[in-house]
Structures are given as structure tokens and as C-alpha cells.
Amino acid sequence: MKLIKKILLALLIVVIVAQFFGPEKNEGDITSIEPFLVETKPSPEVKKILKETCFDCHSSVTRYPWYNNITPVNYWLADHIKHGKGHFDVSKWNEYNLKKKDHKLDELIEMVEAKEMPLNSYTWTHTEAKLTDEQIKAVVDWAKSVREDYASQLSN
């Protein structure tokens, strides 16, 4: 019994010490998403959807929930954000060429239509991010419209 108490005490100490360490936060300048919004011209409805469902993981502007202060949850969130930005980062929109922008929007359409985005693990704690069929249609229609514009630019 004494061994179990010592092990539990050691684990408790490790957990407490771990709370003082954490990954770097993804807190960039809010203006980093402006080039994306200016170029793609989402309607107010779509803009709201993007802000509530996409930008936390797909930009340099993350709104952190209270539980991000708990280790190891903060590492799990940081990993999600890293992977999200690796696939699609609106904060780097100006760095993408036209063909890459078109491809990123094609992927967005595919993932949203398949209801693979936003992730279930995100919508569990961000219920406002669970998209209705009408919201999915609005986002897909917007992205298709932007892709049509890109296609005309690419053909010139």
C-alpha cells in the first residue's frame, strides 16, 4: 500500500509541475486573415461561419478555451492547430499562388460537403461550429464561386 501511495504522489507531482509548461500559443495578428477575406469576398453569413468554425485551427488567430490551460490538453490542441494550418492556413493566403488557392478551396468544399470539417472533436466543445445543411450549402456555394473566379484568371 505504501508503494501505491508513493507512486500516486509522484504522479500528482508530475501533473502539477507539467501545468507550468505548455506549447507556444497560436496568437497572431487578427489582420492576418484580412487578405483572405478581401480576396474571397464571403457574404456576412459565410464570414461568420468561417470565423466560428475554421479560423481557430486554420489561421494564426486562435480563440483559446479555458481548458487550454490544462496540460496535456493544451498539447493536444496545439497539435490539432499545427495540422490544421498545415493543410489550410488563411493567414498565409497571400503566399499561395492562384493554382494552390484554387486547390485549397477545392479541398475545403470536399471536406465540408463530406461533413469531415469541422472535426467532431471541435464541435463537441464548440457547438456553434456544428454546421447545418443550409450553412454547408452557403459555404460550398461561396467556395465554388471563388473557384470560378480563379478558373477564369487561370485561363487568361
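The structure under discussion appears in the preceding block.
Presented here is an overview of the structure given in this document. (Residues numbered from 1 in each chain as written. Predicted model: local features only at pLDDT ≥ 70, side-chain atom pairs only at ≥ 80, totals over all residues. Heavy atoms only, no water.)

1. Regarding the packing of helix H3 (residues 44-53) against helix H8 (residues 133-155)
The line we're drawing: Fitted lines through C-alpha atoms serve as axes, helices being fitted only where they are in contact, and the angles separating the N-to-C directions of these axes extend from 0 to 180 degrees. Secondary structure elements are taken from DSSP: a helix is a run of H or I of four residues or more, a strand is a run of E of two residues or more, and numbering for both begins at the N terminus. Here the word oblique covers every angle except those under 35 degrees (roughly parallel), over 145 (roughly antiparallel) and from 65 to 115 (roughly perpendicular). Pairs of residues are marked as contacts when any of their non-hydrogen atoms sit within 4.5 Å. Charged means Asp, Glu, Lys or Arg here, nonpolar means Ala, Val, Leu, Ile, Met, Phe, Trp, Tyr, Cys or Pro, and polar covers whatever is left, Gly included.
Look at H3 against H8: their axes get within 10 Å of each other, and the N-to-C directions meet at 105 degrees. Between H3 and H8, the interaxial angle falls into the category roughly perpendicular. Residues Glu 45, Val 46, Ile 49 and Leu 50 of H3 lie in contact with H8, whose contacting residues are Gln 135, Ala 138, Val 139 and Trp 142. Class assignment of the residues belonging to the contact of H3 with H8 gives a composition of six nonpolar, one polar and one charged.

2. A look at a nonpolar patch on the surface
Put simply, the rule is: Each patch is built from salt-bridge-free residues with over 30% relative accessible area, joining like charges within 9 Å and nonpolar side chains (Val, Leu, Ile, Met, Phe, Trp, Tyr) within 5 Å. A 1.4 Å probe and the Shrake-Rupley method give the accessible areas. Residues count as covered only by the protein chains that appear here. Any carboxyl oxygen of Asp or Glu within 4 Å of a side-chain nitrogen of Lys or Arg constitutes a salt bridge here.
There is a patch of nonpolar side chains on the surface, built from Leu 3, Ile 4, Ile 7, Leu 8 and Leu 11 and spanning about 510 Å² of accessible area. Mapping Leu 11 onto the fold places it in helix H1 (residues 2-18).

3. Considerations on the pattern of salt bridges
As a reminder of what qualifies: Accessibility here uses a 1.4 Å probe with only protein chains present; expressed as a share of the type maximum, an area under 20% marks a residue as buried, one over 50% as exposed, and anything in between as partly exposed.
Applying the stated criterion across every chain yields a total of nine salt bridges. Residue Arg 147 is joined to Asp 106 by a salt bridge in which the shortest nitrogen-to-oxygen separation is 3.3 Å. Of this pair, Arg 147 sits in helix H8 while Asp 106 sits in helix H6 (residues 98-113), and the two are 41 residues apart along the sequence. The partly exposed category is assigned to Arg 147, whose relative accessible area is 25%.

4. Some thoughts on the packing of aromatic side chains
The condition that has to hold: Between the rings of Phe, Tyr and Trp (Trp by its six-membered ring), a pair exists once the centres lie within 6.5 Å; its type follows the angle of the planes, with under 30 degrees stacked, over 60 edge-to-face, and the other angles tilted.
Applying the stated criterion to the full structure yields six aromatic pairs. An angle of 75 degrees between the planes, with centres 6.0 Å apart, marks the rings of Phe 36 and Trp 142 as edge-to-face. You can see Phe 36 sitting in helix H2 (residues 34-40) and its partner Trp 142 sitting in helix H8, a full 106 residues away along the chain. Under the relative-accessibility criterion, Trp 142 is labelled buried at 7%. Consider the rings of Trp 93 and Tyr 96, whose centres lie 5.6 Å apart with planes at 65 degrees: the pair is edge-to-face. By relative accessible area, which is 11% here, Tyr 96 ends up buried.

Any functional reading would require information beyond the geometric quantities listed.
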